[in-house]
Each structure stands twice: as C-alpha cells, then as structure tokens.
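Here is how the chains run, residue by residue.
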Amino acid sequence: MRIGVGLPAMVPGTRGADLLGWAVTAEARGFSTLGVLDRIVYPNHEPLTTLAVAAGATRRIRLSTTVLLGATRNPAVLAKQAATLHELSGGRLELGLAAGGRRDDFDVTGTSFTRRGRNLDELITTLRRTWRDGEIGPTPATPPPVLLGGHSEAAMRRAAASADGWISGSGSAEPYADRLTRLRKAWAEAGRTDEPRLVALAYFALGPDGSTLARAYLGGCYRGMGRYAERVIGETLLTREALASTAAEYADAGCQELVLFPCSAELHQLDLLTEALSGTGLLGEGLS
C-alpha cells in the first residue's frame, strides 16, 4: 500500500504559498499522491485549479481529485479541463468523482440534486467520449483513470459499471473490509474481470492540539450532518499509533493507497506525519 497526502485546500484561510509548500514537500518526502476535496458553497480553493498549480511545482507525484462533485460540473468543460491538466502534468491526473450530498452545492450551480446520480452516469460517458474523439481539448494518449466515491450500494454499482476503481471516504460506520466485500460483489455482478483500483481517505491532526484542530476544521466542514460529522471527527488520526494501526488495517484489507488529509494548513503537520510514518516502508516506493 502507498500513502498519499491531501492538500489543505479545504481548510479556510489557506494561502497559495501554503499549498505550494505542501505540494513540493510531499513530493520530496515520498508521498504517492496529492489529493484534493470538493465543495461549492464553502470557502475552499477550487480543486482542479489547485492541482494545476501543484502540477507546475512538482514533477512526479500523482494528482488526484478525491473526490470532485462531478454532477455539479458542465460535462464538456470538465472533460476539457481534466484532459488539459492530465496532458500538461505529464499524465499524472486521476479523476475521482462522486454524486455529492449537499443540496446547496447543486442549487448554486443550477444543477439537479435529485438527478445527481443519473447526471453523474451521463457525465462519465461524456468524459470518455470527449477524451476519445479529440474535438474538445487535447486527446490524452492514455486518459485519466476515473474512480468513483461513495459507500451506498448505488455508488458501488456505479463504480463497477463505469469506473476504473473506487474511493472510500471517512465517516462510515462500516469497517473498510466489509465495504470492500460489497464493492467486489458489485464488481463481479457487473461482469468485471479486471481488478479495481482501491483508494481510501482519512483525516489526521497530530501534536498536542490535534483534537482541537480536528474539531474546529471538521466541525465546520461537516456542519449540519449530525452523527456522520461526529463519526468523521471521531475517526481523525491523532497519534503515531493510530496512524500505524489504521494503515495496517487498510493494507490488510486490500487497499492500494491511503490518502491522508490534514485538518490544518500548517506545514508542521506534514513534518509530524512524515515522522510518524518513518520506518514503516509506506513512503517512497511503498509496499506492493
């Protein structure tokens, strides 16, 4: 299993210099991926723009939307944006998508909340056709892999029907191994014989004020989501021991990459994360 790191683009008040510092340092430390999350009605940096800036400051590290609210986006424009970023970064983009669960993100973009699942299906079809036809934007020699997020049965069926893999988010009441069992069942029922790419996300906040940082950031990010928000906060990795045990759990279950998202934009959090993972074999080439 490999370890990626999320950019703090969702943390309110994060500056451009903070994001660049995280991107350059994460690549130098041997993290596998730079991840970004997505909201529309929230004071975060736009994900694809953020990855484009990070791409210019790095050379090797993978760039991943983990996840993008695809159904809020214009399909043709998103296809062109993704192909452009993939091409200009040397083929480093991985496009993670999900249906989303906040109605206000859809209202403000003039997109349908009730049709978001069907619109996401149509979006994926448009992406693949656009990348293949080459009439809108560059034609990637190898298109970006498409991963889908979500824990519902519908999300897993959608991943099995049209994606290259699946992303598991934080906050599920179900163990990761059980989620994977359901995903593999959907994969088999769709007649898939290839292996899905398997990615998972978790939040971390290290140091003596970690718990305070986690509640301040995640409490605002997931405001109004009740018990789900409390589960996300409760699952935040606060210690070296929690990091080690969680990484082992995901690796043993079959996860290929765990992307760890910070609750603070302070670069010292990345220092603490690197220190906590040192000697585990999870940075650099990672464990196959």
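Counting its regular elements, the protein chain contains 11 helices and eight strands. In terms of principal-axis extent, the alpha carbons of the protein chain reach across some 50 × 40 × 40 Å. When the 288 residues of the protein chain are sorted by exposure, 52% land in the buried category. Nonlocal contacts in the protein chain, meaning residues at least 24 apart in sequence, comprise 74% of its contacts between residues at least 6 apart. Of the roughly 12500 Å² of accessible surface on the protein chain, a fraction of 53% belongs to carbon and sulfur atoms. Treating the 31 positive side-chain charges of the protein chain as one cloud and the 31 negative ones as another, the clouds have centres 4 Å apart.

Right, let's get into the nonpolar core. Most often, soluble globular proteins have nonpolar side chains that are buried together. Within the largest apolar cluster, 63 residues are counted, with the highest numbers of intra-cluster contacts made by Phe31, Leu97, Leu260 and Leu273. With near-sequence residues (within four places) excluded, phenylalanine 31 lies in contact with Ile3, Gly4, Val5, Ala26, Ile61, Leu270, Leu273, Thr274, Leu277 and Leu283. Leu147, Ala214, Leu218 and Ala229 belong to the second-largest nonpolar core, a separate cluster that totals 23 residues.

As enumerated under the stated definition, the model contains seven aromatic pairs in all. A centroid spacing of 5.5 Å and a plane angle of 75° characterise the contact between phenylalanine 106 and phenylalanine 113, whose relative ring orientation is edge-to-face. Here phenylalanine 106 falls in the buried class, since its relative accessible area comes to 0%. You can call phenylalanine 113 buried: its relative accessible area is 15%. Positioned over the ring face of phenylalanine 113 is arginine 116, at 3.9 Å from the centre of the ring.

Right, let's get into unusual backbone geometry. Threonine 66 connects to valine 67 through a cis peptide bond whose omega is 25°. Here valine 67 lies in strand S3 (residues 62-69).

Moving on to the pattern of salt bridges. Per the stated rule, a full pass over the model turns up 20 salt bridges. When the shortest N-O distance is used, the salt bridge between lysine 185 and glutamate 189 registers 2.6 Å. Taken together, the residues lysine 185 and glutamate 189, both in helix H7 (residues 176-189) and four residues apart, mark about one turn of the helix. Grouping residues by exposure puts lysine 185 and glutamate 189 together as exposed. For glutamate 230, the salt bridge identified is with arginine 215, shortest N-O distance 3.2 Å. Linking glutamate 230 in helix H9 (residues 226-234) with arginine 215 in helix H8 (residues 210-221), this pair joins segments that are 15 residues apart in sequence. Taken together, the salt bridges that share partners define one network made up of Arg62, Glu94, Arg197 and Glu257.

Calculation criteria
Residues numbered from 1 in each chain as written. Predicted model: local features only at pLDDT ≥ 70, side-chain atom pairs only at ≥ 80, totals over all residues. Heavy atoms only, no water. Helix = DSSP H or I, 4+ residues; strand = E, 2+ residues; numbered from the N terminus. Buried < 20%, exposed > 50% of the residue type's maximum accessible area, 1.4 Å probe, protein only. Contact = heavy atoms within 4.5 Å. Areas by Shrake-Rupley, 256 points an atom, 1.4 Å probe, with all protein chains shown as cover. Lys, Arg positive; Asp, Glu negative; His and termini not counted. Charge placed at Lys NZ, Arg CZ, Asp CG, Glu CD. Core = buried A, V, L, I, M, F, W, Y, C linked by side-chain atoms within 4.5 Å. Phe/Tyr/Trp six-rings, centres within 6.5 Å; stacked < 30°, edge-to-face > 60°. Lys NZ or Arg CZ within 6 Å of the ring centre and 35° of its normal. Salt bridge = Lys/Arg side-chain N within 4 Å of Asp/Glu carboxyl O.

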